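Each chain, letter by letter, is given below.
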Amino acid sequence: MADLQAQIEELWERRDELSPADTDAVAIVTEAINLLDTGQARVAEVDPVTDQVIVHEWLKEAILLLFRLKGMETIEHGPFEYADKLPLKHGFEAAGVRALPGASARWGSFLARGVVLMPSYVNIGAYVGEDTMVDTWATVASCAQIGARVHLSGGVGIGGVLEPPNAVPVVVEDDVFVGSRCMVTGGARIGQGAVLSAGSFLDPSIPVIDAETGEEISRGIVPPWCVAIRASRRREYPGGEFFIPCVLVIKRLTEGERHDKAQLTQVLRDHGAST
């Protein structure tokens, strides 16, 4: 893989010279994208020692090179016609993935065994871990990293990032529940076992606040094993008083605690976040 990385980095340095006619370049980039497609490589991962997100820039460069090297083509799947540069994934049954009508995933994304795709979309460079549910009209955008046993509820938008190549993608760790219509973008991160309630917005500018102390825990990072809800903070500006969004941590969960929907609903009701 080190040799392939060096080849991609060399192509990246002379990317302005490349075209779809460069068959050697196409072959090299295709090899890199196949690594992503099969889960043998990932655009980003969490370092178990430092707990920091490491971005493998050369794989992002491979994706960007792919768009430069591929031309538009008509793609037909059953009654559907697409005009795009990239094919869709196939072989769901052999991979142990359940994909309902209306679901689509691009070549270069990885879906682990046990993934369920309701009518939804997964973009190139994304990684979706085993037994994860991508619910109806949820989107997992380019290079987003989704863990195992995650539930992305209906209408969830997981944002993507390709440029610049060193930009950190969204990371949703194992055993997370993301409520309906949440938007998680711009390199935000949700820690293992956390719950993000419906309608929340999370990006690196959003304060995450401890409801017990009022202290800001982070920006754009929901800690592991907690329940977090959408909220707002009062701020004074020259033009008047306004409310800006934040995320409020209202409960700490026991590590390893499974998400019981009835119990979670009661927690949200107790804190006035559900009816």
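Residues numbered from 1 in each chain as written. Predicted model: local features only at pLDDT ≥ 70, side-chain atom pairs only at ≥ 80, totals over all residues. Heavy atoms only, no water.

(A) Here's a closer look at the pattern of salt bridges. Taken as a whole, this structure holds 13 salt bridges when the rule is applied. For Arg189, the salt bridge is made with Asp51, and the minimal N-O distance between the two is 2.8 Å. Within this pair, whereas Arg189 is found in strand 19 (residues 189–190), its partner Asp51 is found in the loop between strand 1 (44–46) and strand 2 (53–55), the two being separated by 138 residues in sequence. Judged by its relative accessible area of 11%, Arg189 is buried. Judged by its relative accessible area of 43%, Asp51 falls in the partly exposed class. In this structure, Arg219 and Glu216 form a salt bridge, with 2.8 Å as the shortest nitrogen-oxygen distance. Residue classification places Arg219 among the partly exposed residues on the basis of a relative accessible area of 41%. Through salt bridges with shared partners, a single network forms among Glu130, Arg149, Asp174 and Asp175. (Salt bridge = Lys/Arg side-chain N within 4 Å of Asp/Glu carboxyl O. Helix = DSSP H or I, 4+ residues; strand = E, 2+ residues; numbered from the N terminus. Buried < 20%, exposed > 50% of the residue type's maximum accessible area, 1.4 Å probe, protein only.)

(B) Summary view of helix 3 (residues 57–69). Along its 13 residues, helix 3 runs 18 Å from first to last C-alpha, staying within 8% of the 18 Å computed at 1.5 Å per residue. Most of helix 3 is tucked away, with ten of its 13 residues classed as buried. Buried within helix 3 we find Trp58, Leu59, Lys60, Glu61, Ala62, Ile63, Leu64, Leu65, Leu66 and Leu69. Tucked into the core, helix 3 has its buried residues touching helix 1 (2–13), helix 2 (23–37) and strand 2. (Expected span 1.5 Å × (residues − 1). Contact = heavy atoms within 4.5 Å.)

(C) Structural context of the pairing of strand 4 (residues 80–84). Taken together, the five bridges between strand 3 (residues 73–77) and strand 4 define a ladder with antiparallel strand orientation. The partner of Thr74 across the bridge, within strand 4, is Ala83. The hairpin turn running from strand 3 into strand 4, its antiparallel successor, is two residues long, and Gly78 in that turn takes a positive phi close to 60°. (Pairing = 2+ DSSP bridges.)

(D) Representation of the sheet that holds strand 16 (residues 171–172) in the model. Strand order in the open sheet made by the six strands is 7-10-13-16-19-24, with parallel pairing throughout. Strand pairing shows two members of the sheet lacking a second neighbour, strand 7 (110–111) and strand 24 (221–222), which therefore form its edges. As judged from the two bridges shared by strand 10 (residues 127–128) and strand 13 (residues 145–146), these two strands associate in the parallel manner. By the bridge assignment for strand 13, Val128 is matched with Ile146.

(E) Region of the structure containing the environment of Val222. Mapped onto the elements, Val222 comes out in strand 24. You can call Val222 buried: its relative accessible area is 0%. Through-space distance from the C-alpha of Val222 to that of Ala167 is 19 Å; in sequence the pair is 55 residues apart. Discounting chain neighbours no more than four positions away, the residues touching Val222 are Arg189, Ile190, Gly191, Ala194, Leu196, Leu202, Ala228 and Val247.

(F) Expanded view of helix 2. The end-to-end C-alpha distance of helix 2, which contains 15 residues, comes to 20 Å, matching closely the 21 Å that a straight helix rising 1.5 Å per residue would cover. Along helix 2, the positions that sit buried rather than exposed are Ala25, Ile28, Val29, Ala32, Ile33, Leu35, Leu36 and Asp37. Considering only its buried residues, helix 2 is in contact with helix 1, helix 3 and strand 7. Gly39 sits one or two positions beyond helix 2 and adopts a positive phi of about 80°.

(G) Quick peek at the nonpolar core. Val140, Leu152, Ile158, Ile190, Leu196 and Val222 are the most contacted members of the largest nonpolar core, which totals 36 residues. Of all the secondary structure elements, the ones that give two or more residues to this core are strand 25 (226–237) and strand 26 (240–252). Residues contacting Leu196, with those up to four places away along its chain left out, are Phe177, Val178, Gly179, Cys182, Val184, Ile190, Val222, Ala228 and Val247. Ile33, Val55, Ile63 and Leu65 belong to the second-largest nonpolar core, a separate cluster that totals 29 residues. (Core = buried A, V, L, I, M, F, W, Y, C linked by side-chain atoms within 4.5 Å.)

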